[in-house]
Amino acid sequence: MTDYAIYDVFTGTALEGNPLAVVFDADHLDGARMQAIAREFNLSETVFALRPESPGHTARLRIFTTVRELPFAGHPTVGAAVALADRRLAGSVPANGIDMVKMLEEPIGPVRCAVRIRPGAAGFAEFDLPRLSRELEAEIEPADIGAALGLDPQDIGFENHRVSLWSAGVPFVLVPVHDMAAAARAECIAAEWERIAPMGDGQLAYAYVYCRGGVNHAASFHARMFAPGEGVIEDPATGSAAAALSGAIHHFDGLLEGNHPLVIEQGVEMGRPSLIHLHIDCTAQEISHVRIGGEAVRIATGTLLV
């Protein structure tokens with residue numbers, strides 16, 4: 001028997017954000033069993049916590065969609081960091097809260113997470129991006145992208161932002177659109193997307209539609225993400241996409257030296273609003289450091305009987 005918990009991630013409100021299953025003490029499970037359990041949960045991702053390979057680290061993570069294992073993902077990293085902190089504290093949170101640092105081993109490499117736990121509040125975790133975003137070469141026709149996403153060519157692009165392919169471990173075709181109305185019209189046609197989408201980092205790129213602003217007054221950008229090849233019609237919050245977007249923001253907006261705190265809103269059209277905190281540090285006109293964070297709230301616990 002194995003304990004698990006369900007968290008809603010990138011939100012402080014239950015039944016919003018991106019749901020995540022966290023399976024604890026999963027060393028006795030092999031990859032095939034983990035994949036079967038992820039299919040059973042049928043969430044966008046399930047994360048399994050195992051003993052770390054390095055004794056100074058907190059845990060080793062394996063992250064699965066319903067169809068395959070991922071090298072890295074944002075909402076499982078945030079959710080697992082909060083879940084492991086909650087499990088360690090077992091409800092005994094000091095009155096003034098507690099801050100801790102966790103090192104999580106993922107296939108992409110070690111990921112450093114800062115976790116904040118406060119009584120009666122959702123947990124918060126922020127991690128250092130293990131790999132900075134980089135633009136990948138690809139022949140991308142905006143008209144093809146528009147046809148696959150149900151967008152008119154005139155919907156695509158704003159200011160000097162153009163369609164481009166970026167990856168910080170997971171590749172995304174970043175599709176800028178004029179406004180939230182255009183973003184709301186987007187609808188991924190799976191067969192068309194799989195026909196025209198480029199490859200990056202050894203896999204088919206996902207679609208990430210974004211524009212400036214948002215429903216939430218704190219939002220810098222509004223976004224939607226589609227991954228039909230993973231069985232994800234739409235994802236309510238995608239940390240790895242925010243990681244990829246950091247490179248495009250620096251490239252197209254010409255960020256100056258210093259720290260640039262941004263908030264990305266996602267999941268609004270799904271009725272599961274999410275807020276992803278993105279911090280981009282620039283030194284000598286280049287990105288030197290990126291952090292991604294958000295809240296996570298536990299909504300269920302249970303025991304796997306298999």
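Scroll up to find the structure this text is about.
These figures come from a predicted structure and were not determined experimentally. (Residues numbered from 1 in each chain as written. Predicted model: local features only at pLDDT ≥ 70, side-chain atom pairs only at ≥ 80, totals over all residues. Heavy atoms only, no water.)

Visitor: Before we go on, may I ask you to explain the overall build of the protein in this structure?
Guide: In terms of helices and strands, the protein carries 6 helices and 19 strands. Relative to the compact-globule value of 19 Å for 306 residues, the protein shows a C-alpha radius of gyration of 19 Å, a close match. For the protein, the C-alpha atoms occupy an extent of roughly 55 × 40 × 35 Å along the three principal directions. Each of the 306 residues in the protein was classed as buried or not, and the buried ones make up 57%. For the protein, long-range pairs separated by at least 24 residues make up 64% of all intrachain contacts whose partners lie at least 6 apart in sequence. Summing over all exposed atoms, the protein offers an accessible surface of approximately 12,700 Å²; the carbon and sulfur share of this is 50%. The positive charge centre, built from 22 side chains, and the negative charge centre, built from 39, are 7 Å apart in the protein. (Helix = DSSP H or I, 4+ residues; strand = E, 2+ residues; numbered from the N terminus. Rg over C-alpha atoms; globule rule 2.2 N^0.38 Å. Buried < 20%, exposed > 50% of the residue type's maximum accessible area, 1.4 Å probe, protein only. Contact = heavy atoms within 4.5 Å. Areas by Shrake-Rupley, 256 points an atom, 1.4 Å probe, with all protein chains shown as cover. Lys, Arg positive; Asp, Glu negative; His and termini not counted. Charge placed at Lys NZ, Arg CZ, Asp CG, Glu CD.)

Visitor: Mind showing me how you'd approach unusual backbone geometry here?
Guide: The phi angle of most residues is negative, glycine excepted, and most peptide bonds adopt the trans form. Located in the positive-phi region is Ala-90, a residue other than glycine, with phi close to 50°. Tracing the chain through its elements places Ala-90 in the loop between helix 2 (74–89) and strand 6 (98–106). Note on Ala-90: relative accessible area 61%, which makes it exposed. The phi dihedral of Glu-159 falls on the positive side, at around 50°, and the residue is not glycine. Residue position: Glu-159 is located in the loop between helix 3 (142–149) and strand 10 (164–167). Relative accessible area serves as the criterion here: at 63%, Glu-159 is assigned to the exposed category.

Visitor: Got a minute to help me understand the nonpolar core in this structure?
Guide: One recurring pattern in soluble globular proteins: nonpolar side chains tend to sit buried together. Phe-172, Tyr-208, Tyr-210, Ile-264, Ile-280 and Ile-292 are the most contacted members of the largest nonpolar core, which has 67 residues in total. Not counting chain neighbours up to four residues away, the residues in contact with Ile-292 comprise Phe-10, Ala-125, Glu-126, Phe-127, Leu-129, Gly-239, Ala-242, Ala-243, Ile-276, His-277 and Leu-278. (Core = buried A, V, L, I, M, F, W, Y, C linked by side-chain atoms within 4.5 Å.)

Visitor: Looking at this structure, I do not really get the pattern of salt bridges. What am I missing?
Guide: When their charged atoms lie close together, side chains carrying opposite charge are able to pair. Tallying each qualifying case throughout the model produces 18 salt bridges. In this structure, Asp-128 and Arg-112 form a salt bridge, with 3.5 Å as the shortest nitrogen-oxygen distance. With Asp-128 in strand 8 (residues 123–128) and Arg-112 in strand 7 (residues 109–117), this residue pair connects regions lying 16 residues apart in the sequence. Through salt bridges that share partners, Asp-3, Asp-25 and Arg-87 make up one connected network. (Salt bridge = Lys/Arg side-chain N within 4 Å of Asp/Glu carboxyl O.)

Visitor: How should helix 3 be read in this particular structure?
Guide: The periodicity of an α-helix, 3.6 residues per turn, causes residues three or four places apart in sequence to face the same way. Of the residues making up helix 3, those classed as buried are Ile-145, Gly-146, Ala-148 and Leu-149. Looking down the long axis of helix 3, one finds its buried residues gathered within 165° of arc, a one-sided arrangement. Looking at the packing, one finds that the buried side of helix 3 touches strand 11 (171–176), helix 4 (180–185), helix 5 (190–196), strand 14 (206–212) and strand 15 (221–227). One or two steps after helix 3, the chain reaches Gly-150, where phi turns positive at roughly 65°. (Arc of directions from axis to C-beta.)

Visitor: I'm lost on the pairing of strand 3 (residues 46–50) in this one. Help?
Guide: A regular strand places its side chains on the two faces of the sheet in alternate fashion. Buried residues dominate strand 3, accounting for 5 of its 5 residues. For the crossover that starts at strand 2 (residues 18–23), traverses helix 1 (residues 31–41) and ends in the parallel strand 3, the hand is right-handed. (Right-handed = clockwise from strand over helix to strand, strands pointing away.)

Visitor: In this structure, what is going on with the side chain of Asp-281? I would like to understand it.
Guide: Along the chain, Asp-281 turns up in strand 18 (residues 274–283). Residue Asp-281 is classed as buried on the basis of its relative accessible area, which comes to 16%. Looking at Asp-281, its side chain comes within polar contact range of the side chain of Arg-291, at 3.3 Å. For Asp-281, the contacting residues outside a window of four places in its chain are Gly-258, Asn-259, Glu-286, Ile-287, Ser-288, His-289 and Arg-291. (Polar contact = N/O pair within 3.5 Å; in protein donor to acceptor, adjacent residues only side chain to side chain.)

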